[in-house]
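Per-entry structural report
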Amino acid sequence: MAESKLAAGSKIAAPPRGLPAWLEIPLGGILVEPGNAVEYRTGSWRTRRPIHDPARCTSCMICWLYCPDDAIVVREQKVVGVDKDHCKGCGICARECPVKGAMNMAEGGAY
Ligand code: SF4
Ligand code: SF4
């Protein structure tokens, strides 16, 4: 645990035993270095999951364009699936897909 930054004689109530003081809690919501958004596994809180059907997909890239998490995986100009670590299950890809059955949402976040 980080060393306390509270001044001696501070009137701020001490936290319950075993918990950090508020000044000891790491700052949240801050990008501390370029490109570190990849470290946030937004897929960990997914409750629904997109299912990609390569047999129907025309690789029109609409889902890639709309995905807010850059979670559509493209190889050699073809959509090949979904990045399961970063797809948050919002369903935008399935909603915007113009090809019936190429991208469908399923209940549950686990693949
Ligand atoms: S929008 Fe649908 S058809 Fe187009 S690339 Fe994505 S899954 Fe394939
Ligand atoms: S469900 Fe949302 S986050 Fe996941 S691939 Fe589709 S558009 Fe991207």
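All of the points below concern the structure found in this document.

Quick notes on the rules
Residues numbered from 1 in each chain as written. Chains lettered and ligands numbered in written order. Predicted model: local features only at pLDDT ≥ 70, side-chain atom pairs only at ≥ 80, totals over all residues. Heavy atoms only, no water. Helix = DSSP H or I, 4+ residues; strand = E, 2+ residues; numbered from the N terminus. Buried < 20%, exposed > 50% of the residue type's maximum accessible area, 1.4 Å probe, protein only. Contact = heavy atoms within 4.5 Å. Areas by Shrake-Rupley, 256 points an atom, 1.4 Å probe, with all protein chains shown as cover. Near = heavy atom within 4 Å. Nonpolar A, V, L, I, M, F, W, Y, C, P; charged D, E, K, R; others polar. Pairing = 2+ DSSP bridges.

Bringing the overall build of the chain into the picture now. Along its length, the chain carries 2 helices and 4 strands. Its helices and strands taken in sequence order, the chain reads β-α-β-β-α-β from the N to the C terminus. For the chain, with 111 residues in total, the buried portion stands at 28%. Pairs at least 24 apart in sequence give 57% of the contacts found in the chain among residues at least 6 apart. Carbon and sulfur atoms provide 56% of the accessible area of the chain, an area that totals close to 8300 Å².

Before going further, it helps to spend a moment on the site of ligand 1. In the region of ligand 1, 14 residues are neighbours, and Cys 57, Cys 60, Met 61, Cys 63 and Cys 97 sit closest. The residue makeup of the shell around ligand 1, split by class, is 11 nonpolar, 3 polar and no charged.

Here the focus is the pairing of strand β3 (residues 78–82). Successive side chains on a regular strand alternate, one facing one side of the sheet and the next facing the other. The sheet contact formed by strand β2 (residues 72–75) and β3 spans 4 bridges and is antiparallel. Looking at the pairing, Arg 75 lines up with Lys 78 of β3. Between β2 and the antiparallel strand that follows it, β3, lie 2 residues; Glu 76 among them carries a positive phi value of about 50 degrees.

Nothing here speaks to function; it is geometry throughout.
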